[in-house]
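Fold and geometry: a report
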Amino acid sequence: MIKITIFQNRKKQYTGLSCIGHAGYADAGEDIVCAGVSVLVINTLNAIEAFTADAFDAETDQESGRITASFHRPAGHDAKLLLDTMVLGLQEIQDRYGTAYSILTFKEV
């Protein structure tokens, strides 16, 4: 199962994210749930880096499927829009394939 945690402050501003695990929906290389989650998360972080002024630190570990990102400041307008889009996609995957493969949670920090 992939566990995605979105970190927000008291004002519901994005402060970071954590994604870890493998979906187990299908064999490696054919797992569309894992691929979908990976594309959404990685593309969102790449887009924030390329198209916004928001700075963040990121770490990855391919073996565990871990991706973490921590924003230096709460996400600004453009980064928020990109993160909202990512969350929408992650919620759709969870709704379509079920919580046995991916689960999205929000945590106040």
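I will try to describe carefully the structure that is included in this document. (Residues numbered from 1 in each chain as written. Predicted model: local features only at pLDDT ≥ 70, side-chain atom pairs only at ≥ 80, totals over all residues. Heavy atoms only, no water.)

Brief notes about the sheet that holds strand E5 (residues 102–108)
This is how it is decided: Only strands joined by at least two bridges in the DSSP assignment are considered to pair. Strands here are runs of E lasting at least two residues and helices are runs of H or I lasting at least four, both read from the DSSP assignment and numbered beginning at the N terminus. Axes, fitted as lines to C-alpha atoms, cover a helix only where it is in contact. Angles between the N-to-C directions of the axes lie from 0 to 180 degrees.
With respect to topology, five strands assemble into an open sheet ordered E3-E4-E2-E1-E5, the strand pairing being mixed. Edge positions in the sheet fall to strand E3 (56–61) and E5, since each of these pairs with one other strand and no more. The average angle at which neighbouring strand axes cross in this sheet is 10°, direction not considered. As judged from the seven bridges shared by strand E1 (residues 2–8) and E5, these two strands associate in the parallel manner.

So, the nonpolar core
To keep things clear, this is the line we draw: Nine residue types can take part in a nonpolar core, namely buried Ala, Val, Leu, Ile, Met, Phe, Trp, Tyr and Cys, and a core is a set of them joined through side-chain atoms within 4.5 Å. Burial classes follow relative accessibility: with a 1.4 Å probe on protein chains only, a residue under 20% of its type's maximum area counts as buried, one over 50% as exposed, and anything between as partly exposed. Contacts are residue-level and defined by heavy atoms, with any inter-residue pair within 4.5 Å sufficient.
Judged by nonpolar contacts, the single largest core of 25 residues is most densely connected at Ile4, Ile6, Leu17, Val37, Val41, Leu83 and Met86. Elements with a minimum of two residues in this core: E1, strand E2 (14–20), helix H1 (32–51), strand E4 (66–71) and helix H2 (77–97). If sequence neighbours within four positions are ignored, Leu83 has contacts with Tyr14, Leu17, Thr44, Ile48, Phe71 and Ala75.

Observations concerning the packing of aromatic side chains
Put simply, the rule is: Ring geometry is summarised as follows: Phe, Tyr and Trp rings, the Trp one being its six-membered ring, pair when their centres sit within 6.5 Å, and such pairs are stacked at plane angles under 30 degrees, edge-to-face over 60 and tilted between the two. Put simply, a charge is over a ring when the Lys NZ or the Arg CZ is close to the ring centre, within 6 Å, and near the line of the ring normal, within 35 degrees.
Counting across every chain of the model gives three aromatic pairs. Here the aromatic residues Tyr25, Tyr97 and Tyr101 are joined through ring pairs into a cluster of three or more. In this structure, Arg96 is placed above the aromatic ring of Tyr97, and the distance from its NZ or CZ to the ring centre is 5.0 Å.

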